[in-house]
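Spelled out from the first residue to the last, the chains are:
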Amino acid sequence: MSSCIPHSWGRRPPSQPRQLIACRDTQILPLPDEPLTCLPFGNGRSYGDVGLNNGGALLLTRRLDRFIAFDPTLGVLRAEAGVLLSEILALIVPQGWFLPVTPGTRFVTLGGVIANDVHGKNHHLAGSFGRHVRAFELLRSDGKRLLCTPEQNSDWFQATVSGLGLTGLITWVEIELQRIANPWIVVENQRFGSLDEFLALDAEYESRYPYIVSWIDCAATGRALGRGIYMAGRHAPPGIFKSAPPDRRPLTVPLMLPISLVNQLSVAAFNRLYYHLPRPVRGLTPYPPFFYPLDNLQEWNRLYGRRGFFQYQCVIPPDHAREALLEMLARIAASGQGSMLAVLKRFGNQVSGGLLSFPRPGVTLALDFPNQGQKTLDLLDRLDEVTRQASGAVYPAKDARMSGDSFRRYFPRWAEFSRFVDPRFSSSLWRRVIGEG
Amino acid sequence: MRNILIIGATSAIAEATARHFAATGARFYLVGRNADRLAAIARDLEIRSGQPVHSESLDLDQLDQHPALLERASQALGGIELALIAHGTLPDQAACQQSVATTLAALHTNALSVISLATLLANDFERRGRGILIAISSVAGERGRQSNYVYGAAKGMVSLFLQGLRNRLFSKGVRVITVKPGFVDTPMTAAFEKKGLLWAQPDQIAQGIVAAVDRGRDEIYLPWFWRWIMLIIRQIPESMFKRMKL
Ligand SMILES: Cc1cc2nc3c(=O)[nH]c(=O)nc-3n(C[C@H](O)[C@H](O)[C@H](O)COP(=O)(O)OP(=O)(O)OC[C@H]3O[C@@H](n4cnc5c(N)ncnc54)[C@H](O)[C@@H]3O)c2cc1C
Ligand SMILES: NC(=O)c1ccc[n+]([C@@H]2O[C@H](COP(=O)([O-])OP(=O)(O)OC[C@H]3O[C@@H](n4cnc5c(N)ncnc54)[C@H](OP(=O)(O)O)[C@@H]3O)[C@@H](O)[C@H]2O)c1
């Protein structure tokens, strides 16, 4: 049971859709009353306003959740766009297959994953999700259906992968899976004391491990600045004879807290503890805690209270990465607004498929900050200064506040993209970044 | 449970329920009237269950088709072990008040067609000395209210009919389960504003149905709190109830 007004994961900005329309099947595109615009709404795991349409209509896609075809010998899956990655995993893992790319939560829909062209811990090898999409169908408000593949209607393919839901409704998707021998992951953990150590570890591990992610202590200052934990993993080889990992029953944060439990004190304490927590250097773990550490605490965003929180995820090109990241960490530490879940990862050189794709060569840093009003917005603007100077970009899937000017610099193909926007589709984010002068 | 007949298989509640059975490798015979939607659901259940799925589209208002339908289903499955009757419509109460034909049509779909199917299935199960018959009624069938009494009367008829069947078949090894959902967020209720704690998702109802099968229940309210809400509503004296705006 939930109150049924859709909101984004960070609960920022607040938004009131005028109409909610539940899609029922892929046969028709139900449109809102004129002159309202509409926007597909997947599972609401984007943090900001990319999936919101304040004053307009939302097309709820979760009920488009049927499998259409699965070839267990070739590893090709076709499903409706509202199917969750968690449902796909439940089907394919027992049959020896895995997702080609997965974000840090499995509670996202195929449509949402394409619209943000998401990346995972294996970006340095596999690139973004769009590279593993064989085909999808795009349904436009005029009723036209476009079969899009990298070859057929390839301009629409490029616009819709990373299309932020604006090019029309994706009705179904066909993806390529990767073979696995079992559901286990071999992991290796290393502490690093500085950003330089992090970069050195990367050089050493990247060729050996397909999955890499680092946690970084952003409460640390002075000599500890840039310290963190490096986590690498790969699918276990055949011959691992552990029984199937038990499915732990997820806990749920039962109610919205009036104030945030995440504050300066708890962030500093958590970061210190997390850094020093003893952990095995090498081990074997079931895949869910490795890929989805937060999925076992459902609705964890409620811990941030009613005012919600902001995510900030940027990517900085390789040449400027070290200096820019140090500068950001210093600005964050100085602001006293720490982040619990600071994540660092190097993106590879694979070209992302979409006109507005976020992943590009460089280092990406993701942070979250409890919403403390203007103070937090000011800090994020100061981080944007650094990102802009370093010719980086900010991830729209996690943004609720970047300026239109910043967006257009980060995504220089926006004008080309805008020709593909469906005339009946719009979003809060799109009006925010394209509307203003 | 292996061989399952689902009548009204395009219903959101029925589809969610079928997925739970599919996860245990059930074989299905699906009946619904929208052929495209039915085909999509059949394909999905085949992938989830790893078993071939049979389906046929039929307007269930055609009562004379029911015997042949059940014959085909029984043939295809090699005997029906469990049947779920889920089809239904939510008639426009105001329109019913203005038209006897509309009222009778609503009663035909929501009561008579269910009773026709339940009778035939019950006789088949009785002959074979086994079987589980599940039908979706509603909390609306417990008391007549001005906003919804045509639908309520149909569901009340179904609930009462199933009670009688259960009583008749208890000694024959046949089980009858009456499902009484409250407000569920499905296409049937698309026109309602779905706010508040009373609204449930189809999968909650589905889980309740599967649990009722596993635990040998007879009548279930879903979600559970409706049992207590309806207990109170049934106690209100009619002299008071008639004055209420319900
Ligand atoms: C804990 C957590 C970890 C995360 N980790 C990562 C990560 O590692 N990497 C990463 O890249 N992202 C990550 N994300 C972000 C998340 O993967 C994306 O925001 C994703 O797009 C959310 O999918 P959704 O189904 O919830 O879609 P929503 O958030 O509801 O919508 C996202 C966008 O998709 C569009 N859309 C949805 N369905 C359709 C459709 N059928 N047709 C057309 N457009 C559609 C919407 O209009 C919207 O623009 C994470 C999020 C969380 C909460
Ligand atoms: N939703 C609620 O709040 C609620 C509450 C209590 C009880 N119920 C009961 O739950 C059951 C399932 O409903 P639901 O909520 O899942 O709604 P739903 O998704 O709208 O399902 C109803 C289904 O019945 C089918 N149907 C109607 N008349 C038919 C006919 N003559 N022949 C064949 N199929 C027919 C419809 O087919 P089409 O797809 O072709 O229209 C539809 O698929 C119904 O019996 C309903 O009364 C629902």
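Computed from a predicted structure; not experimentally measured.

Criteria and thresholds
Residues numbered from 1 in each chain as written. Chains lettered and ligands numbered in written order. Predicted model: local features only at pLDDT ≥ 70, side-chain atom pairs only at ≥ 80, totals over all residues. Heavy atoms only, no water. Helix = DSSP H or I, 4+ residues; strand = E, 2+ residues; numbered from the N terminus. Rg over C-alpha atoms; globule rule 2.2 N^0.38 Å. Buried < 20%, exposed > 50% of the residue type's maximum accessible area, 1.4 Å probe, protein only. Contact = heavy atoms within 4.5 Å. Areas by Shrake-Rupley, 256 points an atom, 1.4 Å probe, with all protein chains shown as cover. Lys, Arg positive; Asp, Glu negative; His and termini not counted. Charge placed at Lys NZ, Arg CZ, Asp CG, Glu CD. Near = heavy atom within 4 Å. Polar contact = N/O pair within 3.5 Å; in protein donor to acceptor, adjacent residues only side chain to side chain. Nonpolar A, V, L, I, M, F, W, Y, C, P; charged D, E, K, R; others polar. Domains from an automatic or database assignment. Phe/Tyr/Trp six-rings, centres within 6.5 Å; stacked < 30°, edge-to-face > 60°. Lys NZ or Arg CZ within 6 Å of the ring centre and 35° of its normal. Buried area = accessible area lost by both parts, 1.4 Å probe. Salt bridge = Lys/Arg side-chain N within 4 Å of Asp/Glu carboxyl O. Pairing = 2+ DSSP bridges. Axes fitted to C-alpha atoms, helices over the stretch in contact; angles between N-to-C directions. Parallel < 35°, antiparallel > 145°, perpendicular 65-115°, else oblique. Left-handed = near helix turned anticlockwise from the far one by under 90°.

### Some details on the overall build of chain B
When helices and strands are counted, chain B shows nine helices and nine strands. Taken against the 2.2 N^0.38 rule, which gives 18 Å for 246 residues, the C-alpha radius of gyration of chain B at 18 Å falls within 12% of a compact globule. Taken over the C-alpha atoms alone, chain B extends approximately 55 × 40 × 35 Å along its principal axes. Here chain B holds 246 residues, and 52% of them are scored as buried. Pairs at least 24 residues apart make up 71% of the contacts formed inside chain B by residues separated by at least 6 positions. With the model as given, the accessible surface of chain B reaches about 11,300 Å², and the carbon-plus-sulfur share is 56%. Between the averaged position of the 28 positive side-chain charges in chain B and that of its 21 negative side-chain charges there is a distance of 6 Å.

### Side note on the site of ligand 1
Residue and element names in this part refer to chain A. Around ligand 1, the surrounding shell holds 34 residues, and the nearest of these are Pro40, Arg45, Ser46, Thr109 and Tyr395. Here an oxygen atom of ligand 1 and a backbone polar atom of Pro40 are 2.6 Å apart. For ligand 1, whose unbound accessible area comes to 970 Å², protein coverage reaches 96%. For the shell around ligand 1, the elements supplying multiple residues, two or more each, are β2 (38-41), α2 (110-115) and β9 (169-176). Here the shell around ligand 1 is composed, by residue class, of 17 nonpolar, 15 polar and two charged. Both domains that meet at the shell around ligand 1, namely domain 1 (67-180) and domain 2 (184-400), each give it at least three residues.

### Here's the deal with the packing of aromatic side chains
One pass over the structure, following the stated rule, counts 23 aromatic pairs over all chains. Summarising the aromatic geometry, the rings of Phe407(A) and Trp430(A) are spaced 6.3 Å apart at their centres and angled 85° between planes, so their arrangement reads as edge-to-face. Placement of the pair is Phe407(A) in helix α10 (residues 404-410) and Trp430(A) in helix α12 (residues 428-435), with a sequence separation of 23 residues. As far as the burial class goes, Phe407(A) and Trp430(A) line up, both buried. Their ring planes at 35° and their centres at 6.0 Å tell us that Phe225(B) and Trp226(B) sit as a pair that is tilted. Of the residues examined, Trp226(B) reaches a relative accessible area of 5% and is grouped as buried. For the cation-ring pair, Arg78(A) lies above Trp172(A), with the distance from its terminal atom to the ring centre recorded as 3.9 Å. The ring of Tyr205(A) carries Arg208(A) above its face, with NZ or CZ at 4.9 Å from the centroid.

### Section: the interface of chain B and chain A
Listed as interface residues are 23 residues of chain B and, on the opposing side, 16 residues of chain A. Interface area, chain B with chain A, both sides summed: about 1,700 Å², of which 50% is carbon and sulfur. Counting the surface chain B buries against chain A, the share from its top three residues, Arg37(B), Ile47(B) and Arg48(B), is 31%. The interface formed by chain B and chain A holds three salt bridges in total. Its salt-bridge partner being Arg37(B), residue Asp25(A) comes within 2.7 Å of it at the nearest N-O pair. Looking at the side of chain B that touches chain A, the elements with two or more residues in it are α1 (12-22), α2 (35-49) and α7 (202-215) of chain B.

### Re the sheet that holds strand β19 (residues 362-370) of chain A
All names here are of chain A. Strand order across the open sheet formed by eight strands is β15-β11-β13-β12-β18-β19-β17-β20, with antiparallel pairing between neighbours. Sheet topology places β15 (282-286) and β20 (393-394) at the edges, where each strand pairs with a single neighbour. Helix α9 (residues 374-389) contacts β17 (309-316), β19 and β20 of the sheet and is inclined by roughly 5° relative to β17.

### So, the side chain of Arg432(A)
Residue and element names in this part refer to chain A. Position of Arg432 relative to the elements: it lies in helix α12. According to the relative accessible area criterion, Arg432 is buried, its value standing at 17%. Looking at Arg432, its side chain comes within polar contact range of the side chain of Asp399, at 2.8 Å. A polar contact of 2.6 Å, which involves the side chain of Arg432, links it to the backbone oxygen of Met402. Those residues within four positions of Arg432 in sequence are excluded, and the remaining contacts are Asp49, Asp399, Ala400, Arg401, Met402 and Gly404.

### Description of the domain arrangement of chain A
Residue and element names in this part refer to chain A. One can read the domain layout of chain A as domain 1 (67-180) and domain 2 (184-400). The C-alpha-based centres of domain 1 and domain 2 are spaced at 24 Å. In this assembly, 31 residues from domain 1 lie in contact with 32 residues from domain 2. Roughly 2,800 Å² of surface becomes buried between domain 1 and domain 2 when both sides are summed, with 58% attributable to carbon and sulfur atoms. Between domain 1 and domain 2 we count one salt bridge in total. Along the contact surface separating domain 1 from domain 2 lie 18 residue pairs in polar contact (both at pLDDT 80 or more). Breaking the side of domain 1 that touches domain 2 down by element, the ones donating at least two residues are α3 (123-126) and α4 (154-160). A per-element tally of the side of domain 1 that touches domain 2 places α3 first, with four residues. A class-by-class count of the residues in the side of domain 1 that touches domain 2 yields 13 nonpolar, 14 polar and four charged.

### Some details on the packing of α1(B) against α2(B)
All names here are of chain B. Look at α1 against α2: their axes get within 9 Å of each other, and the N-to-C directions meet at 25°. Relative to α2, α1 is oriented roughly parallel. α1 and α2 meet at a crossing whose hand is right-handed. Contacts between α1 and α2 pair Glu15, Ala18, Arg19 and Ala22 from the former with Ile41, Asp44, Leu45, Arg48 and Ser49 from the latter. Residues that form the contact of α1 with α2 fall into these classes: four nonpolar, one polar and four charged.

### Observations regarding the sheet that holds strand β1 (residues 19-22) of chain A
Residue and element names in this part refer to chain A. Taken together, the three strands give an open sheet; going across it, the order is β1-β3-β2, and neighbouring strands pair in parallel fashion. Every other strand in the sheet has two partners, leaving β1 and β2 as the edge strands with one partner each. Going from strand to strand, the sheet's axes swing by 25° on average, the running direction of each strand aside. As paired elements, β1 and strand β3 (residues 57-60) share four bridges and run parallel to each other. From the neighbouring strand, Ile21 faces β3, where its bridge partner is Leu59.

### Some points on unusual backbone geometry
Of the consecutive residues Glu34(A) and Pro35(A), the connecting peptide bond is found in the cis state with omega at 0°. Within the secondary structure, Pro35(A) is located in the loop between β1 and β2. Look at the link from Leu222(B) to Pro223(B): it is a cis peptide, with omega at -15°. The topology assignment puts Pro223(B) in the loop between β9 (219-222) and α8 (225-235). Residues other than glycine seldom take positive phi values, yet Ser162(A) does so here, at roughly 75°. Mapped onto the elements of the fold, Ser162(A) is located in the loop between α4 and β9. Given the relative accessible area of 1%, Ser162(A) is considered buried. A positive phi angle, near 55°, is found at Leu164(A), a position not held by glycine. With respect to the helices and strands, Leu164(A) occurs in the loop between α4 and β9. Residue Leu164(A) is classed as buried on the basis of its relative accessible area, which comes to 4%.

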